[in-house]
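Secondary and tertiary structure notes
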Amino acid sequence: MDMTISRRAVITGFATALSVSLSGLAAQAGEALDRILSEGVLTVGTNSDYRPNSFMNDNNELDGFDIAVSKEVAARLGVDVKFVTPGWEVMTAGHWAGRWDMVVGSMTPTKARAEILDFPAIYYFSPAAFAVHKTSPAEKPGDLDGKTVGVVSASTYNRYLEHDLKLDVVGMPAFTYDVTPGEIRAYSDVNEFDDLALGDGARLHAVLQSVPVIAEAVSVGLPIKQLGEPVFFEPLALATDKGDAELNARLHDIIEEMRSDGTLAKLSVKWHGTDLVSTK
C-alpha cells in the first residue's frame, strides 16, 4: 500500500472538510479559546493506559506521544496544560460541558463522530494489526475466524471486528474485513494485552490494536507477537467539543506548524520508533 499517496490524500481531503466545518460553526465561536487564554490552562482529555501514546510513568505522571503533543500545543498557545482521563466512551460522546477543552487520544475523525465533535487537525496515522500469543498456531488474520478477539470498546478496532467500520475520511485507503470473530470481547479500563498474555485461548486468541501499541507491548516483555501485515490504516486527530471556530483554527494552525518544523515527526520517532506523521 502506498502510504505516501494515502496520507497526502487524507490530509488534503480533511483540510477541505475542516474549512467547511469551521465556516459553519455556532455564534459562540471564541468563548472556549478566550477562557483558555484568560485562565492560562488548556485541559486535555486523554488515556491513562495506552502505551506508547499515553501512560503513567515511573514518576506516576502521564507520559507518551499524545502527552508530548498536548504539552507542545499548550506551549505554543502560551498556556499550561492539565490532563484528565475520563474514559474513552465519555470522551467520544461529546457534550463535555467545559470539563476539558480538547482530546488528544488517538481518535479517528469519522463522520459519525463529527456529528458531535469537531476535529481541528490530523496529527498522525496509525496502522492497525492483530496480535496473538507467542504460542498461537495462527499464521494469518483469517486463521482467527471463530476465535475470541479482544478490543478497546467503542473504538475503530471494535467496529472493524463488527464489520461496521466506516473510516469515511476523504482519501482513506481501502481495506477488507479479514476476520470474523466468534466472540468480540470489549475492554475499557483493563488492558486487553494482560489477558492475551495469559496464553493462547486462555481468555483471548487475539487482540486488534495499533501497530505501535503492539510493538510497545512486545518491548516490555509480554509474550505476544504481531500477526501478519496491518489490516487498515487510520488517521488520528485532535478532537474538540462543538462550537468554537477560533479554537479549532488555532489548534489546526499549531499542528501544521509542528508538522512543518519537524516537531511532530521527532516526537513520533521518539515514542513510536518511526515517523507516522510525514506525508513524503
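Provided above is the structure to which this section pertains.
Residues numbered from 1 in each chain as written. Predicted model: local features only at pLDDT ≥ 70, side-chain atom pairs only at ≥ 80, totals over all residues. Heavy atoms only, no water.

1. Things to note about the overall build of the protein chain
When helices and strands are tallied, the protein chain shows ten helices and twelve strands. Sorting the 280 residues of the protein chain into buried and exposed places 54% on the buried side. A separation of at least 24 residues holds for 76% of the contacts in the protein chain among residues at least 6 apart in sequence. (Helix = DSSP H or I, 4+ residues; strand = E, 2+ residues; numbered from the N terminus. Buried < 20%, exposed > 50% of the residue type's maximum accessible area, 1.4 Å probe, protein only. Contact = heavy atoms within 4.5 Å.)

2. Quick word on the nonpolar core
Phe130, Leu144, Tyr160, Phe193 and Phe232 are the most contacted members of the largest nonpolar core, which totals 31 residues. Among the secondary structure elements, those contributing two or more residues to this core are β8 (122-133), β9 (148-152), α6 (156-161), α7 (192-196), β11 (206-210), α8 (211-219) and β12 (224-241). Sort the elements by how many residues they give to this core and β8 lands first, with five residues. The next biggest cluster of nonpolar side chains, apart from the first, holds 30 residues, and it includes Val69, Met102, Leu236 and Leu276. (Core = buried A, V, L, I, M, F, W, Y, C linked by side-chain atoms within 4.5 Å.)

3. Some remarks on the sheet that holds strand β2 (residues 49-50)
Each strand in a sheet pairs with another by means of backbone hydrogen bonds, the pair being arranged parallel or else antiparallel. Pairing in this open sheet of three strands is antiparallel, and the strands run β2-β3-β4 from one edge to the other. Across the chains shown, the open sheet's two edge strands, defined by having one partner strand only, are β2 and β4 (62-63). Relative to strand β3 (residues 54-56), β2 is paired through two bridges, and the arrangement is antiparallel. Across the sheet, residue Tyr50 finds its bridge partner in β3, namely Ser54. (Pairing = 2+ DSSP bridges.)

4. Quick word on the environment of Ala129
Note on placement: Ala129 falls in strand β8. Between the C-alpha atom of Ala129 and that of Val231, which follows or precedes it by 102 residues, the distance is 5.6 Å. Contacts of Ala129, omitting those with residues within four sequence positions, involve Val207, Leu208, Gln209, Val211, Ile214, Gln226, Glu229 and Pro230.

5. What about the packing of aromatic side chains?
Within this structure, the stated rule accounts for twelve aromatic pairs. Ring centres 6.0 Å apart and planes at 20 degrees place the aromatic pair Phe65 and Tyr123 in the stacked group. Of the two residues, Phe65 is situated in helix α3 (residues 65-77) and Tyr123 in strand β8; the sequence distance between them amounts to 58 residues. Given the relative accessible area of 0%, Phe65 is considered buried. Relative to Tyr124, the ring of Phe65 lies with its centre 5.0 Å away and its plane at 80 degrees, an arrangement referred to as edge-to-face. (Phe/Tyr/Trp six-rings, centres within 6.5 Å; stacked < 30°, edge-to-face > 60°.)

6. Examining the packing of α3 against helix α10 (residues 263-272)
Put simply, α3 and α10 touch, their axes get as near as 9 Å, and they point 155 degrees apart. Comparing the axis directions of α3 and α10 gives the class roughly antiparallel. Remark: the crossing between α3 and α10 carries right-handed chirality. On α10, the residues touching Phe65, Ala68, Val69, Glu72 and Arg76 of α3 are Thr263, Leu264, Leu267, Ser268, Trp271 and His272. In the contact of α3 with α10, the residues fall into six nonpolar, three polar and two charged. (Axes fitted to C-alpha atoms, helices over the stretch in contact; angles between N-to-C directions. Parallel < 35°, antiparallel > 145°, perpendicular 65-115°, else oblique. Left-handed = near helix turned anticlockwise from the far one by under 90°. Nonpolar A, V, L, I, M, F, W, Y, C, P; charged D, E, K, R; others polar.)

7. Focus on the pattern of salt bridges
All chains considered together, the criterion is met by eleven salt bridges. Connected through salt bridges with shared partners, the residues Glu72, Arg76, Arg250, Glu257 and Asp261 form a single ionic network. (Salt bridge = Lys/Arg side-chain N within 4 Å of Asp/Glu carboxyl O.)

8. A short note on helix α2 (residues 31-39)
Buried residues of α2: Ala32, Leu33 and Ile36, and no others. Relative to the axis of α2, the buried residues are bounded by an arc of 100 degrees and lie together on one face. The outward face of α2, more than 90 degrees from its buried face, is lined by the exposed residues Glu31 and Ser38. Check the buried side of α2 and you find it contacts β1 (41-45), α3 and α9 (245-260). (Arc of directions from axis to C-beta.)

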